[in-house]
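Working through the structure, step by step
Residue-level listing of the chains:
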Amino acid sequence: MAKRKKDPVQSNSLADNVHIKGAGKVKEEIITETLTGNFMPYAMSIILSRAIPEIDGFKPSHRKLLYTMYNMGLLQGGTVKSANIVGRTMQLNPHGDAAIYETMIRLSRGNETLLYPYVESKGNFGKAYSKNMMYAASRYTEAKLAPICHELFDDIKLDTVDFVDNYDNTMKEPTLLPVTFPSILCNVNTGIAAGMASSIASFNLGELCETTIALIKNPQHEISETLLAPDFVGGGYILYDKEELEKIYSTGRGSLRVRAKYSYDKKYNCIDVTEIPPTTTAEAIIDKIVELVKGNKIKELSDVRDETDLKGLRITLDLKRGIDPDKLMAKLYKLTPLEDSFSCNFNVLIKGCPKVMGVGEILGNWIDFRLECVRRRTQFNLNKKAERLHLLEGLEKILLDIDKAIKIIRETDSEAEVVPNLMIGFGIDKVQAEYVAEIKLRHLNREYILKRTKDIETLKGEIDDLNAILSSNNKMKRIIINELNEVSKKYSSNRKSEILYQVEEYDEAQVNVAEDYPVTLFITREGYLNKIKTANLRMSGEQKVKEGDVVIRTYECSNRDELLVFTDKAQVYKSKVDDFPDSKASQLGTYVAGKLEMDADEKVVFIAVVREYKGYMIFAFENGKVAKVDVKSYQTKTNRKKLINAYSAKVPLACCEYIEEDTEFVLCSTNGRMLILNTGAITPKETKNTIGVSVMTQKRGHRLESMHLYKEGEFEKAWRFRTKNLPAAGALPGPADNTAQITF
């Protein structure tokens, strides 16, 4: 058989790989050095270039988008396709069209994320308060800059901020925008970096400008006097907490509670929620309400639906008859995101360094930033006017002898010698001579020159004013104050979030009160509970149970009573009778283990019905010991549903009972003996898992089997079954004794 020839190219390639320098060697590195060299640059990039806003109130992605729109001339005129804007922005922001478009969505008026949006939108830009209302593709929507963007860009060409090269060095972009108002605190701004995050609340522009002006005039100004509280685009109620607000204003950290705003429609017996906290969505609220309804924790509603339309957000809650809407909303505020907390973390980049600051410190840094912008703008204007004055002064000298200037130009042999000859003839410098030489022949008349030179005195006065501004911080501060007053006058509006100074807190004892009516509980051996209104029992037939099951206990109680469900895992589940639905005798009832979400192999051993936490739980163990536990040990201040170590698990439990006061029980052993026990002889314990005291002695191979309440006349000679001293063995019943037992 002929052998296949080796591919010379492949052979050479393999040979080259064999001789790769360092191939196959393991290099040991110190993990700290690797993290420092690889992760730290990435972390710094996120902090400085993505997630944390700077003193102008923008992240780089925001700034690049808005500056691109400004260069496109979108501060005036009509809207253009969003896809066009996104494509042009990629010259500054190389992170992809999807990320750029999402940035524009957030900045738009239509999305309703910002209190003072920077982008006017046309088309479907989605809604911040709804995760299901998605925005349309960029090819369908249009946008332009909002009028408030004049305050971002009017000074940008006056050398107020630095410019740097973009990522491929083909164009320039600003490092900051010369905002004329503290935009850093005007809009919600959140971001997560590496090892740090930022979450800035929005404030009313009028209040913010007033506070900034007050701080310029008096750095010791009390901020809370003019800045009442944050203000959110979605409105709602802000629950006023003076201490927490002072903490936010001074440290930049803290949280504030925001409630949804609602109205009650008496005609249709429904609640309309029209404003919600900024940290949630309509779908999250509805999902939580549905969950609570399914869990039988909210019974006052017959329906909940989202009726949001072009007019705005609306969540409608249909009430059952006779329900107080205010009490229900107090309950929903506690249990659902209709009341939520906005966490503040005012982390801002100041000269490239992240720093968490209070409102006063942020405004102080913004004032310093704006002072530098005003200084640079003033210097730029001064330089321009000085240049203009210099040219006009040269032109003024021409006025002395226009004919001489024409003669010099006419008699000059070469074009290159015109400027030097003018400089010699009139005693002007090169810049002035260039300006004179470029004047058209038609302008070489006295009228034209007089018109131009007439502004010299005016320019000198303006230059003196500009120099005075540069030499005085107070004058620059006065300029900033005037600008802030103008901004407030143009763009401020009434508060959208109403402040609640007195808050009605949710009181579970009052709000979550179940309807009080008598019921009868039927509990079966297999762990089913059937609740039937006592008034309906007469019309009911025989209680239905599963095949092989039997009713072992019947309780007559109130719908407001509580249930303590003890299991074979030494745990107790707390519930309310009201948590179980009303049923009929023809139905099986509710499977308790499933209702209370017990473990798969957990079984119910006893259910106690408790109206008030008075009395005792009696636990009888197979070794003959009995524990008496005060039922108050199972009372909890919080809404805990499960308690572990409900009784001792060291010895198997024979049975247990709940008694409101001391009584007598009959203990029964597998050896046939019985003992009457008065529970008053046992000292009660606060510890739930106490092992108890020895009551009935057991012979080897026998155990305590059951316990039931003693009934008068049960034994012919009851004294035989009583004893003065414990433990005792008990006595064997005689032929005349009624030995019928009630066991569980």
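Residues numbered from 1 in each chain as written. Predicted model: local features only at pLDDT ≥ 70, side-chain atom pairs only at ≥ 80, totals over all residues. Heavy atoms only, no water.

What to know about the overall build of the protein
Helix and strand content of the protein: 19 helices and 32 strands. Relative to its length of 744 residues, the protein is extended, with a C-alpha radius of gyration of 42 Å against a globular reference of 27 Å. Taking the principal axes of its C-alpha atoms as reference, the protein extends roughly 155 × 95 × 45 Å. Across the protein, every contact between residues at least 6 apart in sequence was considered, and the portion connecting residues at least 24 apart equals 69%. (Helix = DSSP H or I, 4+ residues; strand = E, 2+ residues; numbered from the N terminus. Rg over C-alpha atoms; globule rule 2.2 N^0.38 Å. Contact = heavy atoms within 4.5 Å.)

Let's talk about the pattern of salt bridges
Taken as a whole and assessed by the stated rule, the structure comprises 36 salt bridges. A salt bridge links aspartate 318 to arginine 305; the shortest N-O distance between them is 2.5 Å. Placement of aspartate 318 in strand E13 (residues 315-319) and of arginine 305 in strand E12 (residues 301-306) is noted, with a sequence separation of 13 residues between them. Take aspartate 318: its relative accessible area is 16%, and that puts it in the buried class. By relative accessible area, which is 29% here, arginine 305 ends up partly exposed. Within the structure, one salt-bridge network assembled from shared partners comprises Asp303, Arg305, Glu307, Arg314 and Asp318. (Salt bridge = Lys/Arg side-chain N within 4 Å of Asp/Glu carboxyl O. Buried < 20%, exposed > 50% of the residue type's maximum accessible area, 1.4 Å probe, protein only.)

Let's talk about empty space enclosed by the protein
Sizing a probe to match a water molecule and rolling it over the atoms shows the empty space that remains. The full count for this structure, using the stated rule, is two cavities of 30 Å³ or more. Computed from the structure, the largest cavity encloses a volume of approximately 80 Å³. Around the largest cavity sit Gly57, Phe58, His62, Arg106, Leu107, Leu114, Tyr118, Ser183, Ile184, Asn187, Val188 and Asn189, which together line it. Of the residues that constitute the lining of the largest cavity, the class distribution is six nonpolar, five polar and one charged. In this model, the second largest cavity occupies a volume close to 40 Å³. Around the second largest cavity sit Ala229, Ile238, Leu239, Tyr240, Asp241, Glu244, Leu245, Ser255 and Leu256, which together line it. Those elements that provide at least two residues to the lining of the second largest cavity are strand E8 (237-239), helix H8 (242-251) and strand E9 (253-259). Classifying every residue of the lining of the second largest cavity by side-chain character gives six nonpolar, one polar and two charged. (1 Å grid on protein atoms, 1.4 Å probe; cavity = no way out; pocket = protein on both sides within 12 Å on 5 of 7 lines; lining within 4 Å. Points joined across faces, edges and corners; volume = space filled by probe spheres on them. Nonpolar A, V, L, I, M, F, W, Y, C, P; charged D, E, K, R; others polar.)

Things to note about unusual backbone geometry
Residues leucine 726 and proline 727 are joined by a peptide bond in cis, for which omega reads 5°. Relative to the helices and strands, proline 727 is located in the segment after strand E32 (704-709). For lysine 351, which is not a glycine, the phi torsion comes out positive at approximately 55°. Position of lysine 351 among the secondary structure elements: in the loop between strand E15 (347-350) and strand E16 (353-356). If you check the backbone angles, asparagine 645 has positive phi at about 55° while not being a glycine. Its location among the elements puts asparagine 645 in the loop between strand E27 (642-643) and strand E28 (653-659). By relative accessible area, which is 42% here, asparagine 645 ends up partly exposed.

What to know about the confidence of the model for the protein
Low pLDDT marks regions whose predicted coordinates should not be analysed in detail. In this model, the protein carries a mean pLDDT of 89, and residues with pLDDT of at least 70 account for 95%. Predicted confidence is poor over residues 1-15, with pLDDT under 50, and the contacts of this stretch with residues over four places away or in other chains come to zero contacts. (pLDDT = per-residue confidence, 0-100.)

Looking at the nonpolar core
Residues Tyr118, Leu152, Phe153, Leu185 and Phe346 are the most contacted members of the largest nonpolar core, which totals 109 residues. Counting residues per element, this core draws most heavily on helix H11 (residues 359-398), at 15 residues. With sequence-adjacent residues up to four places away left out, tyrosine 118 is seen in contact with Phe58, Leu66, Leu107, Lys144, Leu145, Ala146, Ile148, Cys149, Leu152, Phe181, Ser183 and Asn187. One finds Ile523, Cys557, Leu564 and Cys656 within the second-largest nonpolar core, a separate group that totals 39 residues. (Core = buried A, V, L, I, M, F, W, Y, C linked by side-chain atoms within 4.5 Å.)

Some points on the packing of aromatic side chains
With the rule as written, the count across this model stands at 17 aromatic pairs. Between phenylalanine 203 and tyrosine 249, the ring centres sit 6.3 Å apart and the planes meet at 45°, which makes this aromatic pair tilted. Of this pair, phenylalanine 203 sits in the loop between strand E7 (197-200) and helix H7 (205-217) while tyrosine 249 sits in helix H8; the two residues are 46 residues apart in sequence, bridging distant segments of the chain. Considered together, phenylalanine 203 and tyrosine 249 belong to a single accessibility category, that of buried residues. Here the aromatic cluster, defined as three or more aromatic residues joined through ring pairs, consists of Tyr67, Tyr70, Phe153 and Phe163. Over the ring of phenylalanine 426 we find lysine 404, and its NZ or CZ is 5.2 Å from the ring centre. (Phe/Tyr/Trp six-rings, centres within 6.5 Å; stacked < 30°, edge-to-face > 60°. Lys NZ or Arg CZ within 6 Å of the ring centre and 35° of its normal.)

Digging into the sheet that holds strand E23 (residues 590-591)
Through backbone hydrogen bonds, the strands of a sheet pair up, either in parallel or in antiparallel fashion. Reading across from one edge, E20-E18-E19-E23 is the order of the four strands in this open sheet, with antiparallel pairing throughout. Strands with a single pairing partner mark the edges of an open sheet, and in this sheet they are strand E20 (551-558) and E23. In the sheet, strand E19 (residues 528-533) pairs with E23 via two bridges, with the strands oriented antiparallel. Bridge pairing in E23 places leucine 529 opposite threonine 590. (Pairing = 2+ DSSP bridges.)

Considerations on helix H17 (residues 473-491)
Since there are 3.6 residues in each turn of an α-helix, residues three or four apart along the chain are aligned in direction. In this model, H17 (19 residues) spans 27 Å end to end at C-alpha, consistent with the 27 Å of a helix rising 1.5 Å per residue. Along H17, the residues that are buried comprise Met476, Ile480, Ile481, Glu483, Leu484, Val487, Ser488 and Tyr491. Seen from one end, H17 has its buried residues packed into an arc of 165°, which puts them on one side. Exposed side of H17, more than 90 degrees from the buried face: Asn474, Lys489 and Lys490 are the residues found there. In this structure, the buried residues of H17 make contact with helix H6 (150-153), H7, H11 and helix H16 (456-470). (Expected span 1.5 Å × (residues − 1). Arc of directions from axis to C-beta.)

Topic: H8
If you check which residues of H8 are buried, you get Leu245, Ile248 and Tyr249. Taken down its axis, H8 places every buried residue within 95° of arc, on the same side. Those residues of H8 that are exposed and angled more than 90 degrees off the buried face are Glu243 and Ser250. The inward-facing, buried residues of H8 abut E9, strand E14 (339-345) and H11. Backbone geometry just after H8 places glycine 252 at a positive phi near 85°.

A short note on the packing of H7 against H11
It is the contact of H7 with H11, at a shortest axis distance of 10 Å, that shows an interaxial angle of 75°. By the criterion of interaxial angle, the relationship of H7 to H11 is roughly perpendicular. In contact with Leu208, Thr211, Thr212, Leu215 and Ile216 of H7, H11 contributes Gly360, Leu363, Trp366 and Ile367. (Axes fitted to C-alpha atoms, helices over the stretch in contact; angles between N-to-C directions. Parallel < 35°, antiparallel > 145°, perpendicular 65-115°, else oblique.)

Quick notes on the sheet that holds strand E29 (residues 664-669)
The three strands are arranged E30-E29-E32 in an open sheet whose pairing can be described as antiparallel. With partners counted over all chains shown, the strands left at the sheet margins are strand E30 (674-678) and E32, one partner each. Recorded for the sheet is a direction-independent mean angle of 25° between the axes of neighbouring strands. Pairing of E29 with E32 involves five bridges; the strand directions are antiparallel. Of the residues in E32, the one forming a bridge with serine 669 is leucine 704.

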